[in-house]
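Chain by chain, the residues:
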Amino acid sequence: WEFNGSFYQPSAFLMMGIPGLEALHPWISIPFCALYLTALLGNCVILFIIGKTPSLHEPMYYFLSMLAVTDLGLALCTLPTTLGLFWFNVRRIGFDACLAQMYFIHILSFIESSVLLAMAFDRFIAISHPLRHAAILTKTTVLKIGLAIVLRGMVSLLPIPFLLKRLTYCGKTELSHSFCFHPDIMNLACADIKVNVFYGMIILLSTVGMDFVFIVLSYILIIRTVVSLTTKEECLKALNTCVSHICAVLVFFIPMIGLSMIHRFGKNVPPLVNTLVAYTYLIIPPALNPVIYSIKSTHIREALLRALCRKRG
């Protein structure tokens, strides 16, 4: 412990695996390894295919590339501590290292939320104004949107580590997960955390909350446009281009909202439920997104098959 008058700050936190199943951690690590491997390989393949296929150099696939990079970052942020705990029972993480991991996890989560909103906007333009799609979403515009997304995440979350460093900690130093999460660290403090709670809620609602609202509005407008189409075949074709994105939105937002609610209001929720929701939120989307897009996107599937055929040849 570092002591400075009445100010206490732990030198490290202790991470938790899956409560009640500590003896089975080596076995539990097998599905986690499979998910991490799927996330790393799947997103790298998506990036490789888009980069090597000129016909995929379109706004939809540029945003998909951003999503793949974000998912790679999320997987790499939690992989060392999660597998380190499951394989070698390494529970200790330094205070500053924990804050750094927390900062990047939250930044990447916010970026993923914003990228999903940008993809919803892309689908709305492509379906509602197909002739103006290329003129509206040029390469420069897509690049500017990407930079704005990254800057918004970095700037909005910059105060969080400093708000945590100013707190006095005492008693428990055990985190609820095998990674660092803002509400989890905040709840270990024995000081007034009203500023942290208020700022966290404001940032969450003004970024991820607003992203979700605008995604829903985008799909309301998309459905209005689709309904006005003349034939059933055109309706189905237009909606089919949105299936992958809708799946990605549900896979990301449902566990994220659930985890936020549990940390803020679920005091009586069993620890096992909290842990499973947290892992679902951070590990499942990076692993599932490349699978979803590879299965549902005809262009990516065909480009992948062509690449495999060239290698065999």
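Definitions and cut-offs
Residues numbered from 1 in each chain as written. Predicted model: local features only at pLDDT ≥ 70, side-chain atom pairs only at ≥ 80, totals over all residues. Heavy atoms only, no water. Axes fitted to C-alpha atoms, helices over the stretch in contact; angles between N-to-C directions. Helix = DSSP H or I, 4+ residues; strand = E, 2+ residues; numbered from the N terminus. Parallel < 35°, antiparallel > 145°, perpendicular 65-115°, else oblique. Nonpolar A, V, L, I, M, F, W, Y, C, P; charged D, E, K, R; others polar. Phe/Tyr/Trp six-rings, centres within 6.5 Å; stacked < 30°, edge-to-face > 60°. Buried < 20%, exposed > 50% of the residue type's maximum accessible area, 1.4 Å probe, protein only. Disulfide = S-S within 2.5 Å. Core = buried A, V, L, I, M, F, W, Y, C linked by side-chain atoms within 4.5 Å. Contact = heavy atoms within 4.5 Å.

(A) Representation of the packing of helix α10 (residues 243-265) against helix α11 (residues 271-296) in the model. It is at 9 Å that the axes of α10 and α11 come closest, and there the two elements cross at 170°. In this view, α10 runs roughly antiparallel relative to α11, as classed from their interaxial angle. Within the contact of α10 with α11, the residues separate by chemical class into 18 nonpolar, seven polar and one charged.

(B) Quick peek at the packing of aromatic side chains. Applying the stated criterion to the full structure yields 13 aromatic pairs. Aromatic side chains phenylalanine 32 and phenylalanine 86 sit 4.9 Å apart centroid to centroid with 65° between the ring planes, which places their arrangement in the edge-to-face category. Of this pair, phenylalanine 32 sits in helix α1 (residues 25-52) while phenylalanine 86 sits in helix α2 (residues 59-88), and the two are 54 residues apart along the sequence. Phenylalanine 86 carries the same exposure label as phenylalanine 32, and that label is buried. Seen from their ring centres, tryptophan 87 and phenylalanine 88 are 6.1 Å apart, and the 80° between their planes marks the pair as edge-to-face. We classify tryptophan 87 as partly exposed; its relative accessible area is 47%. Taking the relative accessible area as the measure of exposure, phenylalanine 88 reaches 62% and is therefore exposed. Taken together, the aromatic side chains of Phe181, Phe212, Phe252, Phe253 and Tyr281 make up a single cluster linked through ring pairs.

(C) Broad picture of the state of the cysteines. Summed over the entire model, instances satisfying the criterion amount to two disulfides. The disulfide that involves cysteine 98 links it to cysteine 180, with 1.9 Å between the sulfurs. Between cysteine 98 and cysteine 180, the S-S dihedral sits near -120°, and the bridge is therefore left-handed. One end of the pair, cysteine 98, is in helix α3 (residues 95-128); the other, cysteine 180, is in the loop between α6 (159-165) and α7 (182-186), and 82 residues separate them in sequence. Here cysteine 180 falls in the buried class, since its relative accessible area comes to 0%. Among the cysteines of the protein that take part in disulfides, numbered as they appear in the sequence, the pairing is 1-3, 2-4. Distance from the sulfur of cysteine 77, which forms no disulfide, to the nearest cysteine sulfur (cysteine 180) is 11 Å. When its relative accessible area of 19% is taken as the criterion, cysteine 77 is described as buried. Among the cysteines around cysteine 242, which has no disulfide bond, cysteine 247 carries the closest sulfur, lying 11 Å off.

(D) Focus on unusual backbone geometry. Its identity as a non-glycine residue notwithstanding, asparagine 89 has a phi of 55°, on the positive side. With respect to the element layout, asparagine 89 can be found in the loop between α2 and β4 (92-94).

(E) Broad picture of the nonpolar core. Grouped together as the largest cluster of nonpolar side chains are 88 residues, with contacts concentrated most on Phe13, Phe32, Leu64, Leu116, Leu164, Tyr169 and Ile185. Each residue touching isoleucine 185, except ones within four places of it in the same chain, is listed here: Phe13, Cys98, Leu99, Met102, Leu164, Tyr169, Leu175 and Cys180.

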